[in-house]
Amino acid sequence: MSDWFYRFGRWLLDQSVRLYYRRIELVGKEHVPGQGPAVLVANHPNSVADAFLLASQLTTRKVNFIAKDSITRMPLLGPLFRQFGVVGVARAMDYADQRDLARQRNELAIATTAPRLIAGEIVAIFGEGVSTDARRLGMIRKGAMRFGYAAERQAAFKLGLRWIPVGITYSAKHHLRSDVLIRVGAPFTLWDVCRDRNLDPATHEQEIINCGTERLQRDLEALVVHIERDELVNLIERLSDLLGSPAASLAARVERQQRLARIISYYNIAAPERLRELEQALERYTARLSAAGFTDEVVRQRHPTLALWRNLLGMVRSSLLLLVGAYGGINGFIPRWCARLAAPLGRKSTRAADGIRQIDRTKQALWGTVAGVVGAAVAFPAQTYLVFKTVNTGWGVRAGIVVAALYGLTLIPSWQFYVRQRDKLRQSYVSMRDAWRFLLRARTATRLQVERRRLQRRLRELLRAYDAEAPRAA
């Protein structure tokens, strides 16, 4: 595939994800090399969206993805995916009764990938092997190390290949305009693994693959929120919101949740009664919020009068800018309409452990995104041509070309401007509404605010107690 076609595809992905996600935070981008072979090893919380983010946000270099071979063997899209560098592997779960066939296809995948790494390219693989909704990192498979080791062995262990852990976290992955955090960890080489265990790379293949996989597990766990017990997930998220502001960066929120996950997991075993008392106090506070018809966002405000006026001015400003941005909203009407029509085609309901049916919105988002991109690919050139024909009729060919070119260049930026201003207007409205609710029932809100601060003090005491016990806890 030619470089320009890949660059165009990457640009299209970048524009799509920036329309779909409100904020994309990237930490540690300097760890991704500008040249030389590397294997990106990421967690996999959100299906194909994770691949879109890795391909478009980390580097301008071509990224070759390792994916399940059912994707590369699709009748129509399979050849296109292979042209973009996707290499299919046979997962054990898909080949339970065909182990020999799976082994042959995986050997072919290694034979396809190794020359690309030797040529200095980047390969990306999702270490868990499957996408999951769990708030913990699954077991990292050995494939990431196997692909890199095979390339190093063919290069007589002089390739200098780097394995780079990448953690992906979403604030609300099933919702439009979610925030995304991509954290890139420190890379390591084959020789780093060998020095740790005093291993000879030529004669200790299995030990090196095992040690490298264990290191990837540790490094990735340090980049994402890893909560071992599902029953603690809700408690940790609620305590995190209590301790810090939801408006903080996603990186700060993830670090806060990581710390709370360690502390809550520790006290869940070491002093469950202390944790239970904190949880009961949180439940009482939540019940009183509900009885008063408030949310935590209402009570957490320190200066509601100032917030009311500030957000009122913000609404006015965003509304005026949104009028200007309506140009972009009109331009993007057809792609949005296509996405809205196609999204239900990907709707899939699953039955949870408690018997309640839940909607899996990942495929729904994928269908909507693909339909939006296709709609834009058809509508934008057609709109540009109509602009050209209109101007050409009145002012001539030269004017038609100039105006149509300017119009075409502003299509996506104007759409993005419209979406950003719409987000700001909504946020200002929600904040103003919360401030107004506080002021209308200031006495009740103030009492709940005092209770919230008391609960915060109890939580901070628990944090200090853990810090004092940390050497023993470790």
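Below, the structure is looked at part by part. These figures come from a predicted structure and were not determined experimentally.

Overview of the environment of Phe 147
If you trace the backbone, Phe 147 turns up in helix H6 (residues 143-154). In the structure, Phe 147 is positioned 108 residues away from Val 39 in sequence and 8.4 Å away in space, judged by C-alpha atoms. In this view, Phe 147 contacts Ile 66, Val 89, Ala 109, Ile 110, Thr 113, Leu 117 and Ile 125; residues no more than four positions away in its chain are not counted.

Structural notes on the packing of H6 against helix H8 (residues 205-221)
Where H6 meets H8, the closest approach of the two axes is 9 Å, and the angle between their N-to-C directions is 135°. Here H6 lies oblique to H8, going by the angle between them. For the element pair H6 and H8, the recorded crossing hand is right-handed. Across from Ala 144, Met 145, Arg 146, Tyr 149 and Arg 153 in H6, the residues of H8 making contact are Glu 205, Gln 206, Ile 208, Ile 209, Gly 212, Thr 213 and Leu 216.

Thoughts on the pairing of strand S3 (residues 63-68)
Summarising burial for S3: five of the six residues are buried, a large majority. In this structure, S3 lies alongside strand S5 (residues 122-126), joined through four bridges in parallel fashion. Bridge pairing in S5 places Ile 66 opposite Ile 125. Sheet topology places S3 next to strand S4 (residues 87-89); three bridges connect them, and they run parallel. Counted as the bridge partner of Ala 67 is Gly 88 from S4.

Analysis parameters
Residues numbered from 1 in each chain as written. Predicted model: local features only at pLDDT ≥ 70, side-chain atom pairs only at ≥ 80, totals over all residues. Heavy atoms only, no water. Helix = DSSP H or I, 4+ residues; strand = E, 2+ residues; numbered from the N terminus. Contact = heavy atoms within 4.5 Å. Axes fitted to C-alpha atoms, helices over the stretch in contact; angles between N-to-C directions. Parallel < 35°, antiparallel > 145°, perpendicular 65-115°, else oblique. Left-handed = near helix turned anticlockwise from the far one by under 90°. Buried < 20%, exposed > 50% of the residue type's maximum accessible area, 1.4 Å probe, protein only. Pairing = 2+ DSSP bridges.

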